[in-house]
Amino acid sequence: MRPAALLALFCCSALLLFADRGVIGCNSVNGKRAADGQAGYGIQGDFDLSLPADGLLAAALMTGLMLSAPTAAQLSRHYPSLKLISAGLRLLVGAACGPFIALAAPLIDDLAPPPKKSLWLALLFVCIPTGFAVGFLFGGLVGTALGWRAAFAIEAAAMVPIAAALLLAAPVELRRSSKPAAPSPSGGHGGGSGPRKALAALLADCKALAASPVCLATLLALSAYNGALGCYAFYGPKAARDIFQLAPQTADLLFGGITVLTGVLGTLCGGLALDAIGPSVHNALLLCTGGVAAGCVLAALGFAYAQRMLHFGPLFAGSEFGMFLMAAPVNAVLLWSVPPELRPFALSAAEFTQHLLGDIPSPPALGWLQGRVNNWRVTMLVCSGLLAVSAALFLVALRCAGPESYREVAVLEEGELADQEQSEQLQPAGVAATSDVEQPLLAGS
């Protein structure tokens, strides 16, 4: 399969996987609990869920993703990556995203043309906010017309041909910094029992990841960022509905439209900007810090002072543009600040931490806060404060970042990896080409 075709399949997968989050958060699907003599509707109405209990739905979805991503990263050492992604797409929501998150970006990082690596990553990650937005729009229309169950059933049917195409595709191996062992279904590179070896490999990966202060600070920054983003996605339409007295479907369509526009523009601009200023960890963190800080200021202004949707819309659009500007750069940081064989684990660790510390606890906590203060402006200002924490942590990562990274040149030409000559020229004298640990390469262009 050609790299461009694989990128297209990954983009379609991301659109459908992340549409679930938009669908479950839109008013027409998530609905409203019966109150004050008015009948409930949607998931919240059918199951009589309070706001904190409703927030647990988003937490449950993230829990499946959080656990499946590191599992897929470890399995990728023994099984073909595309088969793992295909298997994930046929599983339950949440768990389905894990293999995709852990393995799709490293494969694109390997296969993309070197001058366009950031752009290809941006094309992949632009499908995440687009999927959110499509979910809002799709859920709002289908949920109103056919009911919330039909929205999820249609999504599941659309995923079948994509999962089949990835399952039948020729295997594509991930690049690693040491000579990989042959895959073994029985699971081993040597002696010892399977579970003990798996645990030892996991602990070794954790230790290696902990050696990178840039990666650690980035993981914490992503946790705060994702906590805010998860609350905006889940409670944003509800907040806008009550603050600006909008019809539920109108709030869904407005939030969906703003998210898809700013998500596409912000993510693509972030990738293009990183290629333009020089694809390095330092420059990627500059874009992350600036984008999240700008998003924090604009969101806080919108929720605090806007009196009409006409005023709030542009402020929130600017905020989401800043937030999505960092989508490609932050994943570049995770890919380039660790050795190549750790890339799937770094991405899965990001998923684990940003959900465990971010959008798993934040929706129930924000629902509890809104239940106490009964003021969406105050509640969403608290949510915006998480972006300030994220920007500060990205700044810490920026200060820790040096002029070097593990970014390497590896191009796929006519089915074979080329340009290894440049890697050998950059390799320090006295280090064998088959060394188990590669030296960092200059990240600047």
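Residues numbered from 1 in each chain as written. Predicted model: local features only at pLDDT ≥ 70, side-chain atom pairs only at ≥ 80, totals over all residues. Heavy atoms only, no water.

**A look at the side chain of threonine 218**
Condition: Runs of E in the DSSP output that reach at least two residues are strands. Runs of H or I that reach at least four are helices, and both are numbered from the N terminus. By definition in these notes, contact holds between two residues if any of their heavy atoms fall within 4.5 Å.
Within the secondary structure, threonine 218 sits in helix 11 (residues 213-243). Threonine 218 has contacts with Leu285, Val330, Val333, Leu334, Phe394 and Ala397, leaving out every residue within four places of it along the chain.

**Points about the side chain of serine 348**
What counts is decided by this rule: Per-residue accessibility, obtained with a 1.4 Å probe over protein chains only, is compared with the maximum for each type, and a residue is labelled buried under 20%, exposed over 50%, and partly exposed between these values.
Within the secondary structure, serine 348 is located in helix 16 (residues 343-359). What makes serine 348 buried here is its relative accessible area of 0%. Ignoring any residue separated from it by four or fewer positions in sequence, one finds serine 348 in contact with Ala69, Pro70, Ala73 and Ala102.

**Some points on the packing of aromatic side chains**
Two aromatic rings are characterised by how far apart their centres lie and by the angle between their planes. What counts is decided by this rule: Here the aromatic set is Phe, Tyr and Trp, taking the six-membered ring for Trp, and pairing holds for ring centres within 6.5 Å; pairs whose planes are under 30 degrees apart are stacked, those over 60 apart are edge-to-face, and all others are tilted.
Inspection of the entire model under this criterion finds eight aromatic pairs. Aromatic rings pair up to connect Tyr232, Phe244, Phe303, Phe312 and Phe316 into one cluster.

**Thoughts on the packing of helix 6 (residues 97-111) against helix 7 (residues 117-125)**
Applied cut-off: Helix axes use the C-alpha atoms of the stretch in contact, all axes being lines fitted to C-alpha atoms, and the angles between their N-to-C directions lie in the range 0 to 180 degrees. Angle categories: roughly parallel below 35 degrees, roughly antiparallel above 145, roughly perpendicular from 65 to 115, and oblique for all the rest. For any helix crossing, the convention is left-handed if the near helix is rotated counterclockwise from the far helix by under a right angle, and right-handed if that rotation is clockwise. For this classification, the nonpolar set comprises Ala, Val, Leu, Ile, Met, Phe, Trp, Tyr, Cys and Pro, the charged set comprises Asp, Glu, Lys and Arg, and every other residue, Gly included, is treated as polar.
Where helix 6 contacts helix 7, the axes come no closer than 9 Å and their chain directions differ by 150 degrees. It follows from the interaxial angle that helix 6 and helix 7 lie roughly antiparallel. Relative to helix 7, helix 6 is oriented so that their crossing is right-handed. The segment helix 6 lies against helix 7, with Phe100, Ala104, Ala105, Ile108, Asp109, Asp110 and Leu111 engaging Lys117, Trp120, Leu121, Leu124 and Phe125. For the contact of helix 6 with helix 7, the residue count by class is nine nonpolar, no polar and three charged.

**A few points about unusual backbone geometry**
We note that glutamine 245 has phi near 55 degrees; this positive angle belongs to a residue other than glycine. Residue glutamine 245 is classed as exposed on the basis of its relative accessible area of 66%. At asparagine 374, a residue that is not glycine, the phi angle is positive and equals roughly 50 degrees. As for its position among the elements, asparagine 374 is in the loop between helix 17 (362-373) and helix 18 (376-400). Classification of asparagine 374 as exposed rests on a relative accessible area of 65%.

**Notes on the confidence of the model for the chain**
Short version of the rule: pLDDT: the predictor's confidence for each residue, scored from 0 to 100.
In this model, the chain carries a mean pLDDT of 78, and residues with pLDDT of at least 70 account for 82%. Contacts for the low-pLDDT stretch residues 178-192, under 50 throughout, to residues beyond four places or in other chains number 15 contacts.

**Some words on the packing of helix 7 against helix 12 (residues 248-277)**
Where helix 7 meets helix 12, the closest approach of the two axes is 8 Å, and the angle between their N-to-C directions is 170 degrees. The angle between the axes of helix 7 and helix 12 places the two elements in the roughly antiparallel class. Contact with helix 7, carried on its side by Lys117, Ser118, Leu119, Ala122, Leu123 and Phe125, involves Thr267, Leu268, Gly271, Leu272, Leu274 and Asp275 of helix 12 and no other residues of that element.

**Quick word on a nonpolar patch on the surface**
What counts here: Without a salt bridge and with relative accessible area above 30%, a residue can belong to a patch; like charges are then joined within 9 Å and nonpolar side chains (Val, Leu, Ile, Met, Phe, Trp, Tyr) within 5 Å. Computed with the Shrake-Rupley method and a 1.4 Å probe, the accessible areas treat only the protein chains shown as cover for residues. By definition, a salt bridge exists where a carboxyl oxygen of Asp or Glu is found within 4 Å of a side-chain nitrogen of Lys or Arg.
Where nonpolar side chains cluster on the molecular surface, the patch consists of Leu220, Leu356 and Leu357 and spans about 270 Å² of accessible area. Tracing the chain through its elements places leucine 357 in helix 16.

**Describing the environment of alanine 328**
Summarising the element assignment, alanine 328 is placed in helix 15 (residues 327-336). Under the relative-accessibility criterion, alanine 328 is labelled buried at 1%. Among all residues touching alanine 328, those that are not within four sequence positions of it are Ser118, Leu121, Ala122, Phe125 and Gly271.

**Topic: the nonpolar core**
What counts is decided by this rule: Joining through side-chain atoms within 4.5 Å is the link that ties buried Ala, Val, Leu, Ile, Met, Phe, Trp, Tyr and Cys residues into a set, and such a set is a nonpolar core.
By size, the foremost hydrophobic cluster in this structure holds 106 residues, and its most contacted members are Phe10, Phe100, Leu124, Leu166, Tyr225, Tyr232 and Leu285. Residue contributions to this core peak at 17 residues, all from helix 11. If we ignore the near neighbours within four places in the chain, the residues touching phenylalanine 100 are Phe10, Ser13, Ala14, Leu17, Ile85 and Leu124. Core analysis: the second largest hydrophobic core is formed by eight residues, Val23, Ile24, Val142 and Ala151 among them.

**Details of the pattern of salt bridges**
Oppositely charged side chains are able to pair whenever their charged atoms sit close together. Summed over the entire model, instances satisfying the criterion amount to four salt bridges. The residue aspartate 109 makes a salt bridge to arginine 343 at a minimum N-O spacing of 3.1 Å. Taken as a pair, aspartate 109 in helix 6 and arginine 343 in helix 16 lie far apart in primary sequence, 234 residues in all. The closest approach of N and O atoms between arginine 241 and aspartate 242, which form a salt bridge, is 3.3 Å. Among the residues examined, aspartate 242 registers a relative accessible area of 33% and is labelled partly exposed. Through salt bridges that share partners, Asp109, Asp110, Lys117 and Arg343 make up one connected network.

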